[in-house]
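Remarks on the overall topology
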Amino acid sequence: MIIYLVGMACVGKTTIGRMLAEKLGYTFFDLDEEVMKFYQKSIERLQNECLFMNEFREQAGVVLDQLLSKNIDCVIAGTPAGLKIAYLKVIRRHKKDKELYSLYLYDTCENVLNRVRFYDVDSNPIEEPMSPAKRLRYLRDIKADFNYFKSSYERADVQVSIENIPPSDIPDKICSVLVEQHVLSAGV
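**Let's talk about the packing of helix 4 (residues 53-68) against helix 5 (residues 85-95)**
Put simply, helix 4 and helix 5 touch, their axes get as near as 7 Å, and they point 25 degrees apart. Judged on the interaxial angle alone, helix 5 and helix 4 are roughly parallel. Remark: the crossing between helix 4 and helix 5 carries right-handed chirality. Residues Asn54, Phe56, Arg57, Glu58, Ala60, Gly61, Leu64, Asp65 and Leu68 of helix 4 touch helix 5, and the partners they reach there are Ile85, Ala86, Tyr87, Lys89, Val90, Ile91, Arg93 and His94. A per-class count over the contact of helix 4 with helix 5 returns 9 nonpolar, 3 polar and 5 charged.

**Regarding the layout of surface pockets**
Rolled over the atoms, a probe with the dimensions of a water molecule shows which regions are left empty. In this structure, the largest pocket encloses a volume near 1600 Å³. Considering the residues around the largest pocket, the lining is formed by 49 residues, among which Ala9, Cys10, Asp32, Arg117 and Tyr119 are closest to the centre. Secondary-structure elements contributing two or more residues to the lining of the largest pocket are helix 1 (13-24), helix 2 (31-39), helix 3 (43-49), helix 4, helix 6 (109-113), strand 5 (118-119) and helix 7 (132-153). Looking at the lining of the largest pocket, the element that brings in the most residues is helix 7, giving 6 residues. Taken together, the residues that form the lining of the largest pocket break down as 26 nonpolar, 10 polar and 13 charged.

Basis of the calculations
- Each chain has its residues counted from 1, running along the sequence as written.
- Side-chain atom pairs in this predicted model are given and counted only at pLDDT of 80 or more, local residue features only at pLDDT of at least 70, and totals for whole chains, interfaces and linings cover all residues.
- No hydrogens and no water enter the side-chain calculation; it runs on all heavy atoms of the structure.
- Interaxial angle, 0 to 180 degrees, is taken between N-to-C directions of lines fitted to C-alpha atoms, where a helix line uses only the stretch in contact.
- Labels follow the DSSP assignment, with helices taken as runs of H or I lasting at least four residues and strands as runs of E lasting at least two, numbered in each case from the N terminus.
- Oblique is the label for every angle not falling under 35 degrees (roughly parallel), over 145 degrees (roughly antiparallel), or within 65 to 115 degrees (roughly perpendicular).
- In this scheme the handedness of a crossing depends on how the near helix is turned from the far one: anticlockwise by less than a right angle means left-handed, clockwise means right-handed.
- In this description, contact between two residues means that some pair of their heavy atoms is separated by no more than 4.5 Å.
- Three classes are used, and their members are as follows: Ala, Val, Leu, Ile, Met, Phe, Trp, Tyr, Cys and Pro are nonpolar, Asp, Glu, Lys and Arg are charged, and the others, Gly among them, are polar.
- Cavity: a set of points on a 1 Å grid over the protein atoms alone where a 1.4 Å probe fits but cannot get out. Pocket: an open set with protein on both sides within 12 Å along at least five of seven lines, its lining residues, like those of a cavity, having an atom within 4 Å of a point.
- Grid points are joined across faces, edges and corners, and a volume is the space filled by probe spheres set on the points.

In structure tokens, the structure reads:
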């Protein structure tokens, strides 16, 4: 089985995906990390080479296709655009012959803002203080991103709210939702 996590940037797809994969005994992949390995450059540098974001998504879709072709039980942390056109095309093609479920993780925009981290052009973490004005600007950006991607998130097979749940409890919550939806068997 493949569980493909989607949701806003900084919602926790990578952190939660790793914990969920460990709980299930699955392999974990972070799509951004795999894209950087495949193309041997940072996400930002790759995006800067593309004329349009959909061109970047098509390139990342090549990597997603390779991950899904491995035919192993895994959890994949997707991108905020995880169920937009280029990625959706790959997901739909693989769903025909695989046990593949998309799972939308969601939280409040305010909680997501508290998880925002900054990176340089080469994907190295950097410290950047957030003044009240900057926090307000980023919160507006997060809300705009949510509204932009909202219709794609609604395509997910399963939706799980992680609002006010301690990170260590989220894999159990996801598993219980997957059991309720008959994706996983009871006792997982």
